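# Structure at a glance
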Amino acid sequence: SFNSIYSSAHSYFKLYTHRSISDLRDQLIHGELTCVAVVEHYLVKIKENARLNAFVEIFNEEALSRAASLDQRIKDDPTSCGKLLGVVIGIKDV
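Residues numbered from 1 in each chain as written. Predicted model: local features only at pLDDT ≥ 70, side-chain atom pairs only at ≥ 80, totals over all residues. Heavy atoms only, no water.

## Here we look at a nonpolar patch on the surface
Put simply, the rule reads: Grouping into patches uses exposed residues only, defined as over 30% relative accessible area, and leaves out salt-bridged ones; the cut-off is 9 Å for like charges and 5 Å for nonpolar side chains (Val, Leu, Ile, Met, Phe, Trp, Tyr). The protein chains shown are the only cover counted for residues, whose accessible areas, like all others here, come from Shrake-Rupley with a 1.4 Å probe. Here, a salt bridge means any side-chain nitrogen of Lys or Arg that lies within 4 Å of a carboxyl oxygen of Asp or Glu. Numbering goes from the N terminus for both helices and strands, where a helix is a DSSP run of H or I of at least four residues and a strand is a run of E of at least two. Burial classes: relative accessible area under 20% of the type maximum marks a residue as buried, over 50% as exposed, and values in between as partly exposed (1.4 Å probe, protein chains only).
On the surface, a nonpolar cluster with roughly 540 Å² of combined accessible area is contributed by I21, L84, V87, I89 and I91. Locating I89 in the fold gives a position in the segment after α4 (60-76). Exposure remark for I89: the relative accessible area of 67% places this residue in the exposed category.

The following block contains the structure:
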């Protein structure tokens, strides 16, 4: 559930830092982070800032599922991962 994600990710990401997208990718490739942990981090941030109403819809399960498949892909063949590996995006409608 989201509450369990919130409590585990909240404590884990006190140390979560990266300087650039390539730095994030390197951390993922070298096993210092997982895509699931990155997604959990941003889900926590969205929940903490819910009062901003910045997101109309949040696809928690889909994002976590995709992140898990990317983590498996990294384990299977890290050279197959693109330059934007691990980048979490939000889509703004107008």
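## Things to note about unusual backbone geometry
Positioned with a positive phi, N53 is a non-glycine residue whose angle comes to about 50 degrees. Overall, the relative accessible area of 64% leaves N53 in the exposed class.

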